[in-house]
Amino acid sequence: METGSPAETGAAGDEPVWRGLPPGLLRMRRLLLLVWTAVLALAAGLLPGLLAGPVWGTFALLPVALAAWFWRLLGRNWRSWRYAERADDLLIRRGVLWREETVVPYGRMQLVEVTSGPLERYFDLASVQLHTAAAATDAVVPGLDPAEAERLRDRLSELGEARSAGL
Amino acid sequence: MTAPVPGGVPDRPPVAERRLHPVTPFRRAWAPLAVLAGWAVHDPNAAQEQLTRLTGTMLLTGLSVLVPAAGLYGFLSWWFTHFAVTGGELRIRTGLLFRRTAHIRLERIQAVDVTRPLLARVAGVAKLRIDVVGAARKDELAFLGEREARALRAELLARAAGFAPETAREVGEAPARELLRVPPRALVLSLLLTGATWGSLAAALVVPPLLWFATHSVWTVLATAVPLLGAAGASSAGRFVAEYGWSVGESPDGLRIDRGLLDRAHETVPPGRVQTVRLVEPLLWRRPGWVRVELDVAGSDNSVLVPVAPRPVAESVVARVLPGVTVPASAARPPRRARWCVPVWWRGHGLVVTDAVFAARHGLLRRRLSLVPHAKVQSVRLTQGPWGRLWRLADVHVDTGAGGTVTARLRDAEEAARLLRAQAERSRTGRRDARPDRWMA
């Protein structure tokens, strides 16, 4: 290895050390789910309840039941996201039903981006996106702590520079 | 502070700037006539109505205003377009109202094309186009004198290759060795053996009469017949004209492709720019043993390397384009259980990984073999859906810089996981012995 000793990366040789996402992203998504469920349940309950009779108000249970299912899905999806920094490439794994695993060699990175929308900023989250010369590369790690996102960005750009290669 | 030169630009860079060929303004002068013609074709009834109202004098005055105005615009845009070759850059300054200066880094050039459309050939001028990665807008110098375009291309390539600026102009055109020439007879036969040719022809002959019986409306029939005939013409005669006289050559500057009957195009792809090579074998070409070779270069839109050639010849060309690569003869099929995922067509998929390339085959009737050198792999992905997981199958995608993805479908899940790791490793090490951007340096 030219740079990035295993001790520093936390990766020993070929065995990748997987890191999950911090719980902030899950909290944000679940909160959003609750808000939308409340709005939908209110609409689904109030409109038929007022127009057609109180029995029809039970329609409000439909969004609630859906939300309970989505609640579980969000949890599974959040748990499925993981990434590993190896000595020479970044691994990203995600998906429950449709699984995808992406490997990006550091030398191929053209640009590392840290993005954070207003909602994400409120929940103190940031995502790191890697761009290579291939448009099909969709290597993004969402919902990181801003400090971790910046650490990852700095490390990736440093490694990318050390192993840089053109097209 | 230098005294402003009368009529000169005070902040003129210390490089010799050049202008395009003086013929250039004339192509602008035709623009209003072309617009009028386009309008007349688009809306014939209104055009006829307007024409009857026009008198000869009105027509003449209109033309005498429009043509000089367009000529003036052409002249001004020509006057304000400059280009210069400096140490490592080609600079183009254009724009009358909105100035635009493009600095193109020469070592990043992906391909240089000199094209000569029919009218330009008559006028003895040529168009020079430069393909760069990431530029949405193609930078082209149109028009240059034919000899000047050749000299400029040679100079750009010499500089891009890493020759010193003083010698770059004297290096001249690198000697080319012809690898292959497609005889017109083979081209015609290959077009006759292509399904698309007959399909579009049949559509153009069958659909309009059927529509006539159904609707009895001339306009409906015309509206479908004209595009269909156009498509039939483009896929037969159009391809013949575009691919006539196709020759592929090799030079120290890279790959040379010459083609065209009426519009001659001359492309140069510097070494190490080819991202993917595809061998396409339509069903009817299997008996004569012909293949078509396509290639992907980042930022370039032409994708055909050889329109038709016998397989051994095509393979030898591929070996020159991707040094050290031999086209693998056979590919490993997916496991038998893949037939539950993709019923008959699973047999068409295949994968070979050699020391130099990742090669994936697909298609049962029209076979396609895509080759990606390991050094050109940008990222590797493994995907698996729920149905694939049930049958322990997964797909491996290899992304290249030309925006393409080569997919090895329906691999055994464990094999795919091993392949993912191994491919990432190979693409990393494959880069080490790749040639530098400045190939002569």
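Worth saying up front: this structure is predicted, and the values here are computed from it rather than measured.

Calculation notes
- Residues numbered from 1 in each chain as written.
- Chains lettered and ligands numbered in written order.
- Predicted model: local features only at pLDDT ≥ 70, side-chain atom pairs only at ≥ 80, totals over all residues.
- Heavy atoms only, no water.
- Helix = DSSP H or I, 4+ residues; strand = E, 2+ residues; numbered from the N terminus.
- Buried < 20%, exposed > 50% of the residue type's maximum accessible area, 1.4 Å probe, protein only.
- Contact = heavy atoms within 4.5 Å.
- Areas by Shrake-Rupley, 256 points an atom, 1.4 Å probe, with all protein chains shown as cover.
- Phe/Tyr/Trp six-rings, centres within 6.5 Å; stacked < 30°, edge-to-face > 60°.
- Lys NZ or Arg CZ within 6 Å of the ring centre and 35° of its normal.
- Pairing = 2+ DSSP bridges.
- Axes fitted to C-alpha atoms, helices over the stretch in contact; angles between N-to-C directions.
- Buried area = accessible area lost by both parts, 1.4 Å probe.
- Polar contact = N/O pair within 3.5 Å; in protein donor to acceptor, adjacent residues only side chain to side chain.
- Nonpolar A, V, L, I, M, F, W, Y, C, P; charged D, E, K, R; others polar.
- Core = buried A, V, L, I, M, F, W, Y, C linked by side-chain atoms within 4.5 Å.
- Arc of directions from axis to C-beta.
- Salt bridge = Lys/Arg side-chain N within 4 Å of Asp/Glu carboxyl O.
- Expected span 1.5 Å × (residues − 1).

Enquirer: Just to check I follow, could you spell out the overall build of chain A for this structure?
Expert: Tallying secondary structure elements over chain A gives 5 helices and 7 strands in all. Moving toward the C terminus, one meets the helices and strands of chain A in the order α-β-α-α-β-β-β-β-α-β-β-α. In chain A, which comprises 167 residues, the share counted as buried stands at 44%. The contacts in chain A between residues at least 6 apart in sequence include a share of 54% that link residues at least 24 apart. For chain A, the exposed surface amounts to about 9,200 Å²; the carbon and sulfur share of it is 64%.

Enquirer: When you look at the overall build of chain B in this model, what are you seeing that I'm missing?
Expert: Counting its secondary structure elements, chain B contains 13 helices and 20 strands. Split into buried and exposed, the 441 residues of chain B put 44% on the buried side. Of the roughly 22,500 Å² that chain B leaves accessible, carbon and sulfur atoms contribute 63%.

Enquirer: Is there a simple way to think about the packing of aromatic side chains in this case?
Expert: How two aromatic rings sit relative to each other is set out by the distance from centre to centre and by the angle between their planes. All names here are of chain B. Across all of its chains, the model carries 10 aromatic pairs over all chains by this definition. Geometrically, the ring pair formed by W387 and W391 is edge-to-face, given 6.2 Å between the ring centres and 70° between the ring planes. Joined through ring pairs, the aromatic side chains of F75, W78 and W79 make up one cluster. The ring centre of W78 lies 5.8 Å from the NZ or CZ of R19, which sits over that ring. Sitting over the ring of W79, R19 keeps its end group 3.9 Å from the ring centre.

Enquirer: Hey, could you run me through the sheet that holds strand 7 (residues 139–144) of chain A in this one?
Expert: In a beta sheet, neighbouring strands pair by backbone hydrogen bonds and run either parallel or antiparallel. Residues and elements named next belong to chain A. Taken together, 3 strands build an open sheet; the order of strands is 5-6-7 and the sheet is antiparallel. The open sheet has two edge strands with one neighbour each: strand 5 (109–115) and strand 7. Across the sheet, the mean angle from the axis of one strand to that of its neighbour is 15°, orientation sign disregarded. Bridge count for strand 6 (residues 126–132) against strand 7 is 4 bridges, and the pairing is antiparallel.

Enquirer: What am I meant to see in the interface of chain B and chain A here?
Expert: By a widely used convention, the size of an interface equals the accessible area lost when the partners come together. In this complex, chain B contributes 29 residues to the contact, which on the side of chain A involves 28 residues. Interface of chain B and chain A: buried area, both sides summed, is about 2,300 Å²; carbon and sulfur atoms make up 49% of it. Here chain B and chain A share 11 residue pairs in polar contact (both at pLDDT 80 or more) between them. When contributions to the side of chain B that touches chain A are tallied by element, the ones reaching two or more residues are strand 18 (377–384), helix 12 (386–390), strand 19 (393–400) and helix 13 (413–430) of chain B. Of the residues forming the side of chain B that touches chain A, the biggest block, 8 residues, is contributed by strand 18 of chain B. In the side of chain B that touches chain A, the residues fall into 9 nonpolar, 11 polar and 9 charged. With 5 bridges connecting them, strand 4 (residues 99–105) of chain A and strand 18 of chain B associate as antiparallel partners. Looking at the pairing, T102 of chain A lines up with R381 of chain B of strand 18 of chain B.

Enquirer: It is not clear to me how the sheet that holds strand 16 (residues 357–362) of chain B should be interpreted in this structure. Could you clarify?
Expert: Residue and element names in this part refer to chain B. Strand order in the open sheet formed by 6 strands is 14-13-12-17-16-15, and the pairing between neighbours is antiparallel. In the strand order of this sheet, the two ends are held by strand 14 (304–310) and strand 15 (350–353), each with one partner. On average, each strand axis in the sheet is inclined to that of its neighbour by 15°, with strand direction left out of account. Of the strand pairs in this sheet, strand 13 (residues 290–297) and strand 14 are connected by 4 bridges, and their pairing is antiparallel.

Enquirer: Quick question: what am I supposed to make of the nonpolar core here?
Expert: When a protein is soluble and globular, its nonpolar side chains tend to lie buried together. One finds V277, L279 and L305 of chain B to be the most contacted residues of the largest nonpolar core, which totals 36 residues. When residues of this core are traced back to their parent elements, those giving at least two are strand 10 (254–259), strand 12 (274–281), strand 13, strand 14, helix 11 (311–321), strand 16 and strand 17 (367–373) of chain B. Judged by nonpolar contacts, the second largest core, of 26 residues, contains Y106, V128, L144 and L156 of chain A.

Enquirer: Would you take a moment to explain unusual backbone geometry for this structure?
Expert: Keep in mind that most residues, glycine aside, have a negative phi and that most peptide bonds are trans. Residue and element names in this part refer to chain B. Between A142 and F143 the backbone carries a cis peptide bond, its omega angle lying at 0°. Topologically, F143 is positioned in strand 7 (residues 139–145). Of note in this structure, H216 is not a glycine but carries a positive phi near 55°. Locating H216 in the fold gives a position in the loop between helix 9 (195–215) and helix 10 (218–243). Although it is not a glycine, L410 adopts a positive phi angle of roughly 60°. With respect to the element layout, L410 can be found in strand 20 (residues 405–412). You can call L410 buried: its relative accessible area is 3%.

Enquirer: So what exactly am I meant to see when it comes to helix 11 of chain B here?
Expert: Three or four residues apart is the spacing at which side chains of an α-helix point the same way, because the helix has 3.6 residues per turn. All of the buried residues along helix 11 of chain B are A314, V317, V318 and V321 of chain B. Across the axial projection of helix 11 of chain B, the buried residues extend over an arc of 100°, all falling on one side.

Enquirer: Looking at this structure, how should I read the pattern of salt bridges?
Expert: If the charged atoms of two oppositely charged side chains come close together, the side chains can form a pair. Residues and elements named next belong to chain A. The full count for this structure, using the stated rule, is 38 salt bridges over all chains. The salt bridge involving R151 is made with E148; its shortest N-O contact spans 3.1 Å. Of the two residues, R151 and E148 are both situated in helix 5 (residues 146–162); the distance of 3 residues between them amounts to about one turn of the helix. A relative accessible area of 31% means that R151 is categorised as partly exposed.

Enquirer: I would appreciate a short explanation of helix 6 (residues 146–161) of chain B in the present structure.
Expert: All names here are of chain B. For helix 6, built from 16 residues, the straight-helix expectation of 22 Å at 1.5 Å per residue is met to within 8% by its first-to-last C-alpha distance of 23 Å. Listed in full, the buried residues belonging to helix 6 are A149, L152, R153, A154, E155, L156, L157, A158, R159, A160 and A161. Directly beyond the C-terminal end of helix 6, a positive phi value near 110° is found at G162.

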